[in-house]
Every structure is written in C-alpha cells, then in structure tokens.
Amino acid sequence: MSLNPQYEKYMKVLYRVFLIIVCACIIVTSVAAFKIYRLQQPFQAADVPEWKVKELSSQKWGLKSITDPERSTTAWIARPEGQKCDTLIIVGGVEEGENLLAGGGNWKYTGNTILMKQPVHSFLLRHHWKDWSLLDWWKIPEKIREETRHTLGALNALLNYVHGGTRSDPRFTDKVVLAGGSVGAAFPAILTSFVPEKVAGLMVVYGFTNFQHVIQPLLFSQGLLHFDLTENSADFSTKIKISGVRLLSHILSFVLGNILKYGEMESYLPDIYQTPIHFINGTNDPLVPPEAYLPMWKSAPEPKSEKWVEGGHFNPRAPKDMLNIGKLMYEWAEKQGIRSCYPHIK
C-alpha cells in the first residue's frame, strides 16, 4: 500500500527541518564549547594590561587604564604619618569601599593599608545590563574575563607604585603584602604567581576556587525562591519542580564554572615561591564548601598556614567581623616580619 503523496512530501519536509535543527544544535554547541575552552585558559603575565596611579589626596588614589582611559577605579589608603612602613594592599569582595577602612581598631594603622575597589564597579555603572542586546549577552564571558584582566592591571600598578620600582618613596618599604577577600581573593594570588619576588606575603581571606561547587547551591536556592518552592515539601508535583530546578542549577553551574576556570587559584598557586601564604576561612561558611577550598590548600607551596574562624562567611558591613579579620591579618603579617614601620631617616 502506497502512502499519500502529500503525506510523503510532508514527512520529507519534516525530516529536513529536523536535520537542520540537529545540525544547528551541533554547530551552536561546538561554537559554545570552543568559546568556553578558549576563555577558560589561565592568564599569563603578558595578559596584564598597563595602568597608572595618581594620588588625589593623602587618603584617596585614582587608578586608570593606559590603553583604555574609560576604565578607572579608586584606592583608599590609611597610614601613620612620618614613618616608612611595610604595605598591605587589599582587594575586597562584593561589599567594598572607603568604609572598609573607616571602622575602629588600630590594625590598619600599624603600617600602610590600601584598599582597592575592583574596576568592575565602574564598568557596571557605565554599562547597565538592561540596555544590553542579545549579542552583548553572548559576549558576557569575554566581558567578565576582560574585567578580570583589568583588575589585575590595576592591582599590578598599585604594587609597582608602592614597591619602589620606579622611584624611591619615603613612605614605603620594599615589603608589600597582597590580600584578597571572598570574590576578590583570586586577584592577589594570580598576580603574585607572576611576580613572587615583589610580594612579601599573600593572604587569601575567605577565598574559594572550584566555582561550580560555589555557584550551584546559590543558583539552586535562588531558583527555589523565584518559583516559591520549599525544598522539603511532600507534594509530588512540587518535588518534580524542585528536581527540575536542581538539574538546571547543575547544568548552569557546570557551564559557568568552566567559563570562569581561568580564575581558579590552584592554576597559579604552584608558581609562587618563597612567599608565605596564609588562608583565613570560616568553620561553617555556606558559600565555601570543602571542595572549593581544599584544591587551593593542596596546590599552595610552602611556607603556608591557615586559620579557621568560628562561623560563616565574613560580613564587611559588620564592624565586629572586620575588626576580627583585621586583627588576624595583622597578627600573621607581624609574625612574618612584614607589618612594620620605621622613623624617617633625614
């Protein structure tokens, strides 16, 4: 029995459409895979762009990209007057700014303390995500990598400025400690791996790697909130929805984790030599599971040390947290002999 000619024609068209869709999916997946592979490659020293430092006041410095002057950021400095001191440069996480140095406690006045704001903040002010086109969203991974690269450039400019590489400054010794907190922890580690001879000490404060394990729980919890779901619900349909949210969170975290692989510190820590490394972590940090910390510890060379603080992720808005973390940072740096001041020699 022969099929209806119209039906045969319809099936052929349907088959061709199916083949076109499959081919398109394969092409898009291949392009995306190549894009991810290209972006996840670790940074090299030659990738760090040039930035310059300009002192705006005794407490505030401006930093600007030489090749792209639209990119800029700010650094705040607190220091004792009339003394030549070792320097601590801090790159903060999400919550950062002038107020981080404004709280009580003498820890930041025992040497030069500089807090650098990540340049991504000024980028977000210039480019609001609501104005982005579909092409802008497709280029988001490249934008994030470029912002990361320029953060390294700004930090490198600060390091060179206070290290005395271009001039002799009576305020600064040649001992510089780099520290990063939370999301900002990777930048000092990456830069130190390029120039370990310039860095007298490295502190990783509540830092993390293995981004997939960090991102997945956040995506899952946000998904539950978005769809108004309760994880321990006994309702069958709700369980199906929760399973869907969990599966989607694993897929997205896998993709994002691979895109951001260039920021994983275990790729850079082994290249640091003769620079003491100190890790400060929370004993019950919901943002940093063991899988996101242990690779850093294992890959870090000696001399290294760690300090565990009771509680979860530190809160920069909480004066008590900042005082405690500042005290721990000072105690370690002082023990290493890299947090000292000396009278000016006329």
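Parameters at a glance
- Residues numbered from 1 in each chain as written.
- Predicted model: local features only at pLDDT ≥ 70, side-chain atom pairs only at ≥ 80, totals over all residues.
- Heavy atoms only, no water.
- Core = buried A, V, L, I, M, F, W, Y, C linked by side-chain atoms within 4.5 Å.
- Buried < 20%, exposed > 50% of the residue type's maximum accessible area, 1.4 Å probe, protein only.
- Helix = DSSP H or I, 4+ residues; strand = E, 2+ residues; numbered from the N terminus.
- Disulfide = S-S within 2.5 Å.
- Contact = heavy atoms within 4.5 Å.
- Salt bridge = Lys/Arg side-chain N within 4 Å of Asp/Glu carboxyl O.

Asker: Describe in detail the nonpolar core, supporting the description with residues and values.
Answerer: Core analysis: the biggest nonpolar cluster contains 49 residues, and Trp61, Leu158 and Leu269 have the highest contact counts within it. If one sorts the elements of this core by residue count, helix α4 (residues 140–163) sits on top with eight residues. Counting residues in hydrophobic clusters, the runner-up holds 19 residues, among them Leu115, Tyr206, Val309 and Leu328.

Asker: Explain the state of the cysteines to me, using residue names and the numbers behind them.
Answerer: Enumeration according to the criterion identifies one disulfide in this entry. The residue that forms a disulfide with Cys85 is Cys341, at a sulfur-sulfur distance of 2.0 Å. Here Cys85 and Cys341 share a disulfide; its torsion about the S-S bond, 110°, makes the bridge right-handed. Of the two residues, Cys85 is situated in strand β4 (residues 83–91) and Cys341 in strand β10 (residues 341–343); the sequence distance between them amounts to 256 residues. Owing to a relative accessible area of 0%, Cys85 belongs among the buried residues under this scheme. Assessed through its relative accessible area of 22%, Cys341 is described here as partly exposed. Just so you know, Cys25 is unpaired, no disulfide at all, and the nearest cysteine sulfur is the one on Cys23, 9.3 Å from it.

Asker: Account for the side chain of Ser193, naming residues and giving values.
Answerer: Along the chain, Ser193 falls in helix α5 (residues 186–194). If near-sequence neighbours (up to four positions away) are discounted, Ser193 is found in contact with Tyr268, Asp271 and Ile272.

Asker: Describe the pattern of salt bridges, naming the residues involved and giving the relevant values.
Answerer: The full count for this structure, using the stated rule, is five salt bridges. Between Arg71 and Asp68 there is a salt bridge whose closest N-O contact spans 3.0 Å. Using a relative accessible area of 12% as the deciding quantity, one classes Arg71 as buried. For Glu147, the salt bridge goes to Arg71, with nearest N and O atoms at 2.2 Å. Placement of Glu147 in helix α4 and of Arg71 in the loop between β2 (60–65) and β3 (72–78) is noted, with a sequence separation of 76 residues between them. Side by side, Glu147 and Arg71 carry an identical accessibility label, which is buried. Each member of the salt-bridge network shares a partner with another, and the members are Asp68, Arg71 and Glu147.

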